[in-house]
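Examination of the molecular architecture
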Amino acid sequence: MALKLFNTLTRSVQEFMPLDPAGKKVGMYCCGPTVYDFAHIGNWRTFVFADLVRRTLEFSGYDVQHVMNITDVEDKIIKRVRENKTTLREFTGKFETAFLDDLKALGCREPHQKPRATEYIPEIIALIEKLVARGIAYKAADGSVYFSITKYQGCGCHYGQLLKLNLDEMRAGERVASDEYEKESVADFALWKARVPDDGDVFWPSPFGEGRPGWHIECSAMSIKALGETFDLHLGGEDLKFPHHEDEIAQSEGATGKPFVKFWLHGAHLLVEGKKMSKSLGNFFTLRDLLAKGFTGREVRYLLLTAHYRETFNFTLDGLAGAKTALARIDECVGKLREIAGNTSADADKSYLDQFSSSLDDDLNISGLWGKVFEWVRLLNTKIANGEKSAFWAARQLATWQKIDSVLGIGTKSEAEVPAEISSLAEGRMKAKWAKDFKRADAIRDELKAKGWVIDDTPKGIKLRKL
Ligand SMILES: [Zn+2]
């Protein structure tokens, strides 16, 4: 069975076929973070979804080039830079680093390219110049350059490919300068924004005058530069369909005259505790907030991966506690398999892998996949309980799990590698400390050391590591 995905462009589930005539290379672009704050859990749903798509493609044998931009100049950033009396690079650098740390904590594979908008100003200017030369963009009285929707349509192009827009109500030449606007205010949008006093030091010279790029043109310029004028996959959260993605299509197809992207994939919204996330409701979480509550990146990843990407998902703290239990079941089973397998190695069980990939091929049917994983874990536990002792059998199951996990990316709990005897000694030391029996606690610490293990007391509890 071939991989099928829901293409927003055609509003249907379609078989995925790469543009590469050899059927091997896949270009994939996912709109990255706007680095003006820590990414919240709604943002993370999109990035974990993008990681799942990439891992699925790699599992299916494709050679993926994954590009994720860093939006480091945009309306919100300029506002914060001004408020914080700092420089653009200093301000965005901090949040970019935090974002990449969080991406890693969530077990996401690092994109192959992470272009920053501010390092692509020449490409952005060149793209705008193309649009001006084709008569699709124009300089307005405010000094900014706008994209003309009427002129674009006049070239036989279609504005509104990702969603239905009521263009009849649009008044020709009406303009919108901000990066974000509602469907109702569809109008000519800014490609290059003329410098204004509020921009401070954030401006670049250009043939259109000093200024800065609009948000939408940044993604067109960076994706075309990284993946070519037409590429396979473009991903993002569904809130980006309009205006961001629609404008990306218009700018790119307007400038190149070629189809921009073959497959558009959109991840659905996230609710937290049943409601739209908001700071005033107290249900607004960054990944850091959840880690501070004692949850781990892999628990958050697991929970985000339990719902189908096109379904609105209700993220709850109870759900995270459930994730802990679910992962413990897998960890326990993997731990037992490791004990039985010892140093034996084997190949994965192809018939099981085929079952798992049939769920993935079905538009990333993740709940079907998890159902199969837990049914399989149950089966393995029964076999082990019934006395299965074959090292080869256990090694085969472990190899199978490794393959499945190359898509799920949850890994194995590192503590699972600590032998039971060592963890029970560590627990004894903790209890001795609670009972203020420091002599005994120290004796256990020495015993652990003699067995090759060091115990570290951290604010998040104890950690065991090998000497
Ligand atoms: Zn984008």
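Read on for a plain summary of the structure. Everything quoted here is computed from the prediction, not taken from an experiment.

Glancing now at the sheet that holds strand β10 (residues 231-237). Here we have 4 strands laid out as an open sheet, ordered β4-β3-β10-β11, and parallel in their pairing. Looking at which strands have only one partner, the edges of the open sheet turn out to be β4 (63-68) and β11 (261-267). Put simply, the sheet's adjacent strands are angled 20° from each other on average, direction ignored. In the packing of helix α1 (residues 41-59) onto the sheet, the strands contacted are β3 (25-30), β4, β10 and β11, and the crossing angle to β10 comes to about 150°.

A few words on the pattern of salt bridges. Per the stated rule, a full pass over the model turns up 27 salt bridges. As a salt-bridge pair, E110 and K114 come within 2.5 Å of each other at their nearest N and O atoms. Judged by its relative accessible area of 28%, K114 is partly exposed. One network of salt bridges, in which partners are shared, links D75, D179, K193, D199 and R212.

This next bit is on the coordination of the zinc ion. Within the protein, C31 (SG), C219 (SG), H244 (NE2) and E248 (OE) serve as the donor atoms for the zinc ion, at 2.0 to 2.8 Å. Taken together, the 4 donor atoms coordinating the zinc ion and their angles of 75 to 132° define a geometry best described as irregular. Mapped onto the polypeptide sequence, the residues donating to the zinc ion form the spacing pattern C-x187-C-x24-H-x3-E. One end of the pair is H244 and the other is E248, both in helix α7 (residues 241-256) and 4 residues apart, which spans about a single turn.

Here we take up the layout of surface pockets. Within this model, the largest pocket holds a volume of roughly 1400 Å³. In terms of lining, the largest pocket is formed by 46 residues, of which the most central are H40, N43, E180, D239 and L240. Breaking the lining of the largest pocket down by element, the ones donating at least two residues are α1, α6 (215-227), β10, α7 and β12 (270-272). Broken down by class, the residue content of the lining of the largest pocket amounts to 20 nonpolar, 14 polar and 12 charged.

Following both chains from N to C, one finds α1 and helix α13 (residues 391-408) inclined at 140°, their axes separated by 7 Å at the closest point. Looking at the two axes, α1 sits oblique to α13. Residues L52, R55, T56 and F59 of α1 touch α13, and the partners they reach there are K403, D405, S406 and V407. By residue class, the composition of the contact of α1 with α13 is 3 nonpolar, 2 polar and 3 charged.

Cut-off values and rules
Residues numbered from 1 in each chain as written. Predicted model: local features only at pLDDT ≥ 70, side-chain atom pairs only at ≥ 80, totals over all residues. Heavy atoms only, no water. Pairing = 2+ DSSP bridges. Helix = DSSP H or I, 4+ residues; strand = E, 2+ residues; numbered from the N terminus. Axes fitted to C-alpha atoms, helices over the stretch in contact; angles between N-to-C directions. Contact = heavy atoms within 4.5 Å. Salt bridge = Lys/Arg side-chain N within 4 Å of Asp/Glu carboxyl O. Buried < 20%, exposed > 50% of the residue type's maximum accessible area, 1.4 Å probe, protein only. Donors = N, O, S within 2.8 Å, 3.2 Å for Na, K, Ca; no water. Tetrahedral: all angles 85-135°; square planar, octahedral: opposite > 155°, others 65-115°. 1 Å grid on protein atoms, 1.4 Å probe; cavity = no way out; pocket = protein on both sides within 12 Å on 5 of 7 lines; lining within 4 Å. Points joined across faces, edges and corners; volume = space filled by probe spheres on them. Nonpolar A, V, L, I, M, F, W, Y, C, P; charged D, E, K, R; others polar. Parallel < 35°, antiparallel > 145°, perpendicular 65-115°, else oblique.

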